[in-house]
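Here's the letter readout for the chains.
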Amino acid sequence: MEPFRRIAGTSAPMPIDNVDTDAIIPSKETQSTARTGYGEKLFANWRYLPGTRAPNPDFVLNNPRYAGAQLLVAGRNFGCGSSREAAVWALSQFGVRAVIAESYGAIFRNNCIRNGVLPAVLPIAAVEQVLAELADGAIAPQMAVDLETCTIVSPSGAVFGFQIGSLEREMLMQGADEIELTLMKRPLIEAFRARDQALRPWVYASQEATHAQDH
Amino acid sequence: MTAPRTLVEKIWAAHAVAELGDATDLLHIDRIFLHERSGGRMLQGLAEAGRKVFDPAMVLGTLDHIIDTNPGRTDATKFPGGAEFIAAFRDGARAAGIRVFDLDDPAQGIAHVIAPELGSAQPGLTMVCGDSHTCTLGGMGALAWGIGVTQGEHALATQCLPAGRPKQMRVRFDGALADGVTAKDMVLHLIRTHGARGGDGCALEYAGSAVEAMSCAGRMTLCNMAVEFGAWTGIVAPDETTIAYLAGRPYAPQRADWDAAVAWWRTLRSDGDARFDREIVINAAGLSPSVTWGTSSEQTVGVDEPVPAPGGFADAVARASAEKALAYTGAEPGRPLAGLSIDAAFIGSCANSRIEDLRDAARVLAGRKVAAGVTAICVPGSTPVKRQAEAEGLDRIFKAAGFQWREAGCSLCFYNGGDSFGSARRVISSTNRNFENRQGPGVRTHLASPLTVAASAVAGAIADPRALLRR
Ligand code: SF4
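Just so you know, these numbers come straight off a predicted model, no measurement behind them.

### Observations concerning the site of the ligand
All names here are of chain B. The immediate surroundings of the ligand are formed by His65, Ile110, His112, Asp131, His133, Ser349, Cys350, Cys410, Cys413, Phe414, Asn432 and Arg438. Considering only residue class, the shell around the ligand consists of five nonpolar, five polar and two charged. Counting contributing residues, the shell around the ligand receives three or more from each of domain 1 (7-165) and domain 3 (335-469).

### A look at the domain arrangement of chain A
Domain boundaries assigned for chain A yield domain 1 (6-174) and domain 2 (185-215). Between domain 1 of chain A and domain 2 of chain A, the C-alpha centre-to-centre distance is 42 Å.

### Quick look at the interface of chain A and chain B
The partner chain B presents 80 residues to the 67 residues of chain A that form the contact. Taken together, the connections running from chain A to chain B amount to seven salt bridges. Here Arg438 of chain B and Asp22 of chain A are joined by a salt bridge, their closest N and O atoms 3.1 Å apart. Viewed at the interface, chain B and chain A are joined by 29 residue pairs in polar contact (both at pLDDT 80 or more). Elements that contribute at least two residues to the side of chain A that touches chain B include exactly α2 (44-47), α4 (106-113), α5 (124-135), α6 (166-174), α7 (178-183), α8 (186-199), α9 (201-204) and α10 (207-213) of chain A. No other element matches the seven residues that α8 of chain A contributes to the side of chain A that touches chain B.

### Focus: the environment of Ile11 of chain B
Residues and elements named next belong to chain B. Residue placement: Ile11 occurs in helix α1 (residues 7-13). For the pair Ile11 and Leu125, spaced 114 residues apart in sequence, the C-alpha to C-alpha distance is 7.6 Å. In this structure, Ile11 is in contact with Gly124, Gly141, Leu143, Ile235 and Leu268, ignoring residues within four places of it in sequence.

### Quick notes on the packing of helix α6 (residues 183-194) of chain B against helix α8 (residues 216-224) of chain B
All names here are of chain B. Relative orientation of the contacting elements α6 and α8 amounts to 25 degrees, with a least axis distance of 8 Å. Classified by the angle their axes make, α6 and α8 are roughly parallel. Regarding α6 and α8, the two cross each other, and that crossing is right-handed. When α6 is examined against α8, the residues Ala183, Lys184, Met186 and Val187 are found in contact with a partner set consisting of Gly218, Thr221 and Leu222.

### A closer look at the packing of aromatic side chains
For the coordinates displayed, the defined rule picks out 17 aromatic pairs over all chains. With a centroid separation of 6.1 Å and an interplanar angle of 85 degrees, the aromatic rings of Phe346 of chain B and Phe421 of chain B are classed as edge-to-face. Of this pair, Phe346 of chain B sits in strand β15 (residues 344-347) while Phe421 of chain B sits in the loop between β17 (404-405) and β18 (426-429), and the two are 75 residues apart along the sequence. With respect to burial, Phe346 of chain B and Phe421 of chain B carry one shared label: buried. Here the aromatic cluster, defined as three or more aromatic residues joined through ring pairs, consists of Phe43, Trp46 and Phe59 of chain A.

### Brief notes about the domain arrangement of chain B
All names here are of chain B. Split by domain assignment, chain B resolves into domain 1 (7-165), domain 2 (168-239 + 269-286) and domain 3 (335-469). Centre-to-centre separation of domain 2 and domain 3, based on C-alpha positions: 24 Å. Facing 14 residues of domain 2, the contacting portion of domain 3 comprises 20 residues. Here domain 2 and domain 3 share two salt bridges between them. With a shortest N-O distance of 2.9 Å, Arg363 and Asp179 are connected by a salt bridge. Here domain 2 is connected to domain 3 by 10 residue pairs in polar contact (both at pLDDT 80 or more). Within the residue set of the side of domain 2 that touches domain 3, elements represented by two or more residues are α6 and α8. Class assignment of the residues belonging to the side of domain 2 that touches domain 3 gives a composition of five nonpolar, five polar and four charged.

Procedures and definitions
Per-chain numbering applies: the sequence of each chain, read as written, is numbered from 1 onward. As a convention, the first chain written is A and the first ligand written is 1, with the rest following in written order. Under the rules for a predicted model, residues below a pLDDT of 70 receive no local features and side-chain atom pairs below 80 are neither given nor counted, while totals for whole chains, interfaces and linings still include all residues. To obtain the side-chain values, all non-hydrogen atoms of the structure were used and water was disregarded. Proximity criterion: a residue is near a molecule or strand once any of its heavy atoms comes within 4 Å of it. Nonpolar residues are Ala, Val, Leu, Ile, Met, Phe, Trp, Tyr, Cys and Pro. Charged residues are Asp, Glu, Lys and Arg, and all others, Gly as well, are polar. For every domain, the bounds stem from an assignment made automatically or drawn from a database. Here, residues are in contact when the closest pair of their heavy atoms is within 4.5 Å. By definition here, a salt bridge exists when the distance from a side-chain nitrogen of Lys or Arg to a carboxyl oxygen of Asp or Glu is within 4 Å. N or O atoms within 3.5 Å of each other form a polar contact, as long as, within protein, one can give a hydrogen and the other can take it, and as long as residues adjacent in sequence are counted only when both atoms are side-chain atoms. Only DSSP runs of H or I reaching four residues or more are called helices, and only runs of E reaching two or more are called strands; each is numbered from the N terminus. For helices, the fitted axis covers only the stretch in contact; all axes are lines through C-alpha atoms, and the angles between them, taken along N-to-C directions, range from 0 to 180 degrees. Comment on the angle field: the value is read as roughly parallel under 35 degrees, roughly antiparallel over 145, roughly perpendicular from 65 to 115, and oblique elsewhere. Each crossing gets its hand from how the near helix is turned against the far one by less than a right angle, where anticlockwise is left-handed and clockwise is right-handed. Think of it this way: a Phe, Tyr or Trp ring, Trp meaning its six-membered ring, pairs with another when their centres are within 6.5 Å, and the plane angle makes it stacked under 30 degrees, edge-to-face over 60, tilted otherwise. Only protein chains enter the accessibility calculation, which uses a 1.4 Å probe; a residue whose area is less than 20% of its type maximum is buried, one above 50% is exposed, and one in between is partly exposed.

Printed below as a string of structure tokens:
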């Protein structure tokens, strides 16, 4: 996973609430068991004219002003809905490395952290200010997000601090493999299971055998 | 003396393997459910990394998401590439020694419907699945949540997951529901009143006399939509209803274990003075049937109330969202949804496809016919539900009314490029998501209870089921 420190670049505004993962990556666009090839499928239902691959000129990411966006700014509850991790793969393979929103769907947020995409949170008033600046033709839609200092710089140069848990920040900055970190705790896991089995033996009873006995 | 704790805090403490700092614990995961849509990918990822499934006996699999649900189905899917998913899943599961409830298995069905039916979803267990509606299992008193593919690999490889200690929320529904008003209407009302982010990432315990009086099925409907409320998960404290439901189920604790398990389950309730970060109280007796008008579950009204005007929303983003939703669904501000004509009616999904839901719908459909021009489809949540319904004669009621009677699966709950409602554009649906294009390109979904779906199918327009129940 690519470590995340600081991203500076074009930012695209999506001034709506509840952008769901079905919108980010429609289910019908995930017809392969691979983890690659999703960049072109990002927001497919909004980005292309119905039933075609012709760009919808009204969609923000097709607007030349926001071409090559690495940052995305949205309202509340971004990434709500389905657990499909392809939503994050589509964003990152398109080139989006950070999202800024008032809040996120919990599973999407977890998936972001594990794929090197930063889900930054700002209060709705700050989000509205940034969205207004991004829509303002007089200012270039350039922004920066810095995970070392936990700050966001808006197109006009306003600086906003954001909060993120220290473990998640570390994981993003290191590009760490969380599974490996947990596997290193195997002795603790085994010890827990030995203790737990004495307390809750039914949780560890062989399910298949139990099943077979009853038939 | 230990400090008073909530139900979730008690289950949490029983699963904490290690403290990771930053209010995060490594939790033991008692049960992992896999399905063919993401399960194959998880097992593939694991194999590619040279990792093994930690404890295959704690993992179960089912086929639900992309399989065909038409009668006489085979492995062939309408979803292009579906066969590849199914094969990858079967191969991966076989190699890892994971039990799969395959197409021909009498226990097959939607993961969140069969986990309780098997007795695998139990009070106090931690359970995960690569599906956002895993929270459904909270209705059995399990601490259950949805995860992505990477975390799925994590759970399979380590039988653990790191999890941040959630804020604690309690939603009390007090009072008795009126006839014609169901768990679905309760949870849609909750989301409408507090927003699709109202759950704020919390662990949400549903309580109150209306929840205590409810079947496990209703509790699972409430918990199913905890994720649509923006909660991390939902849960209901186990009680005698839960224990009676589980007794004799094949994967429930057996013999001596059963008594020990029941003794523990009876301790799983929030202490009287437990602290909740947030508490919501709703008068269940005052609720009416709910229907969504937009593309988020928060965009809900009572069936006889007018659709709100976007001008009434607090800020620019909320207004723009309402306008976008209205443009998509074509619902008219100021007018009630009742009377809006529909093209299709769907009963199914992990929100409302259990036997109780089918009985509800059959109550309305008995002796009646689906309106001309309406495509009506019923997809039982599991093969056992289907068999039970057939034993009760419900299938005959559905078919006589003009409903298609399908095999179990997720089916038209979501559109994956295959099965669709054809040219039908406005659908009343017992599912849980009304997102743009969720049920097909341009399909406008109105979420409602099975009763409301059945009443609307008969009327050919969105309809209040209470009128048909009063005779
Ligand atoms: S029925 Fe629908 S919501 Fe439930 S698991 Fe299947 S696709 Fe997801």
